[in-house]
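# Report on the structure
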Amino acid sequence: MPVILELKRVSFFAQNRSIIDDFSWQYAEGKTTALAGPSGGGKSTVLKLSAGLLVPTRGEVSFRGTGIARMNQKENLEFRREAAFVFQDSALWANQSLLQILELPLRIHFPKMSQAERKRRIEEVLNEVGYKKEMTIRPSMLSMGEQKLIAFARAMVCRPRLLFLDEWTESLDGSAAQRLVNLVKTRQAAHDTVIFVSHDLGIIRDMADQVLMIQDGKLLVSLTREQLDSDANLVQYLEKGIAS
Ligand SMILES: Nc1ncnc2c1ncn2[C@@H]1O[C@H](COP(=O)(O)OP(=O)(O)OP(=O)(O)O)[C@@H](O)[C@H]1O
Ligand SMILES: [Mg+2]
């Protein structure tokens, strides 16, 4: 399987503290990778580094062989159109209506798209995520779970092929979470690349081809789905690592 994204000896410092330490990994194209581990271990930071949203202090992240930090404007725009990110805290624009929030990526990446087509596309993703309330309101009027649905819809609106999902079923009830799981499964079946963070062992075991255990800013161990399916001790180890 070709490598779509590579982290080469990536370290990240913030406020003179080492957050991520000498992290290397190759993500296979069309596969699903779960990042797991204890709270504060560095999962969200690794996800953001992988997506080029944070720039490594040392080392490099490359997308199909090109260093993300060294991309020209055109390459960067292409990468941004192909990739989408759901933030752990949803990160919706506070001063925009939900409609404006969903329109923005389409306006950036498909400037020639007609208003009618934008409307159709937005209705389609809202239907997929199961959001039914009005669209003229601002994010502060939504529950955390509803914000997650809008964040998910925003991520999907440009039809990305590379998904970065941070705690994407958190604060959702069972049926809303299941709807998003099913949605991601359709993307898996279409051979999209998915990289997600989750505390939910059931979802990890159900969906990941590969699991990276991250603790204290380091890659502790990587496990394949086959290993998880066949080795109860490993599952127990993973469960402990997530819960600690
Ligand atoms: N910009 C920053 N400045 C200072 N410290 C940071 C910064 N970003 C992250 N950290 C610290 O780095 C560590 C890892 O954070 P990160 O958010 O990646 O963890 P996580 O594994 O996603 O945790 P959780 O499961 O709680 O979401 C934490 O101790 C956090 O406080
Ligand atoms: Mg996190």
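Nothing here was measured: the structure is a model prediction, and the numbers come from that model.

### Focus on the pattern of salt bridges
Where charged atoms from two side chains of opposite charge come close, those side chains can pair. On inspection of all chains with the given rule, the structure shows 19 salt bridges. The salt bridge involving K185 is made with D206; its shortest N-O contact spans 2.8 Å. Taken together, the residues K185 in helix 6 (residues 174-189) and D206 in helix 7 (residues 201-207) connect sequence positions 21 residues apart. Judged by its relative accessible area of 30%, K185 falls in the partly exposed class. With relative accessibility at 36%, the residue D206 sits in the partly exposed group. The structure contains a network of salt bridges with shared partners spanning E117, R120, E124, E128 and R159.

### Looking at the coordination of the magnesium ion (ligand 2)
Coordination of the magnesium ion (ligand 2) by the protein comes from S44 (OG) and Q88 (OE1), over a distance range of 2.0 to 2.2 Å. Of the two residues, S44 is situated in helix 1 (residues 43-50) and Q88 in the loop between strand 6 (83-86) and helix 3 (98-109); the sequence distance between them amounts to 44 residues. S44 gets classed as buried once you look at its relative accessible area, which sits at 18%. With a relative accessible area of 36%, Q88 lands in the partly exposed category.

### A look at the side chain of E146
Take E146: it is sitting in helix 5 (residues 144-156). Taking the relative accessible area as the measure of exposure, E146 reaches 18% and is therefore buried. Engagement of the side chain of E146 in a polar contact is seen with the side chain of K133, the distance being 2.8 Å. Engagement of the side chain of E146 in a polar contact is seen with the backbone nitrogen of S143, the distance being 2.9 Å. Those residues within four positions of E146 in sequence are excluded, and the remaining contacts are Y131 and K133.

### Quick notes on the packing of helix 3 against helix 4 (residues 115-129)
With their axes 10 Å apart at the nearest point, helix 3 and helix 4 run at an angle of 120 degrees to one another. On the basis of the axis angle, helix 3 is oblique to helix 4. Crossing of helix 3 against helix 4: the hand is right-handed. Residues L99, L102, E103, L106 and R107 of helix 3 pack against R118, R121, I122 and L126 of helix 4.

### Section: the sheet that holds strand 2 (residues 17-28)
Pairing within the open sheet is antiparallel, and its 4 strands lie in the order 2-1-4-5. Each of the sheet's edge strands pairs with one partner strand only, and the pair in question is strand 2 and strand 5 (66-67). Both strand 1 (residues 3-14) and strand 2 contribute to a ladder of 8 bridges, which runs antiparallel. Directly across from F13, in strand 2, lies its bridge partner S18. Its contacts with the sheet place helix 1 against strand 1, strand 2 and strand 4 (58-63), and it is angled at close to 55 degrees to strand 2.

### A closer look at the site of ligand 1
Within the structure, ligand 1 sits among 14 residues, and G40, G42, K43, S44 and T45 are positioned closest to it. Between ligand 1 and G40 there is a distance of 2.8 Å, counted from an oxygen atom to a backbone nitrogen or oxygen. S44 is positioned such that a nitrogen or oxygen atom in its side chain is 2.9 Å from an oxygen atom of ligand 1. Because more than half of its atoms lie within 2 Å of the grid, ligand 1 is assigned to the second largest pocket.

### Looking at the sheet that holds strand 3 (residues 32-36)
One open sheet accounts for 6 strands, arranged 6-7-8-3-9-10; its pairing is mixed. A single partner strand is all that each edge strand has here, and the edge strands are strand 6 and strand 10 (218-224). Each strand axis lies, on average, 15 degrees off the axis of its neighbour in the sheet, ignoring direction. Alignment of strand 9 (residues 210-215) against strand 10, held across 6 bridges, turns out to be antiparallel. Residue pairing for strand 10: I214 is matched across the bridge by L219. Against the sheet, helix 1 engages strand 3, strand 6, strand 7 (162-166), strand 8 (193-197) and strand 9, with an angle of about 160 degrees to strand 7. Lying over the sheet, helix 9 (residues 232-243) contacts strand 3, strand 9 and strand 10, oriented at roughly 145 degrees with respect to strand 10.

### Comments concerning the environment of Y131
Looking at the element boundaries, Y131 is found in the loop between helix 4 and helix 5. Residue classification places Y131 among the buried residues on the basis of a relative accessible area of 7%. Setting aside residues no more than four positions away along its own chain, Y131 makes contact with L98, L126, I137, L142, E146 and I150. Side-chain polar atoms of Y131 contact the backbone oxygen of E134, separated by 3.0 Å.

Reading guide: rules and limits
- Residues numbered from 1 in each chain as written.
- Chains lettered and ligands numbered in written order.
- Predicted model: local features only at pLDDT ≥ 70, side-chain atom pairs only at ≥ 80, totals over all residues.
- Heavy atoms only, no water.
- Salt bridge = Lys/Arg side-chain N within 4 Å of Asp/Glu carboxyl O.
- Helix = DSSP H or I, 4+ residues; strand = E, 2+ residues; numbered from the N terminus.
- Buried < 20%, exposed > 50% of the residue type's maximum accessible area, 1.4 Å probe, protein only.
- Donors = N, O, S within 2.8 Å, 3.2 Å for Na, K, Ca; no water.
- Polar contact = N/O pair within 3.5 Å; in protein donor to acceptor, adjacent residues only side chain to side chain.
- Contact = heavy atoms within 4.5 Å.
- Axes fitted to C-alpha atoms, helices over the stretch in contact; angles between N-to-C directions.
- Parallel < 35°, antiparallel > 145°, perpendicular 65-115°, else oblique.
- Left-handed = near helix turned anticlockwise from the far one by under 90°.
- Pairing = 2+ DSSP bridges.
- Near = heavy atom within 4 Å.
- 1 Å grid on protein atoms, 1.4 Å probe; cavity = no way out; pocket = protein on both sides within 12 Å on 5 of 7 lines; lining within 4 Å.
- Sits in = over half its atoms within 2 Å of the grid points.

Coordinates in, geometry out; function isn't part of it.
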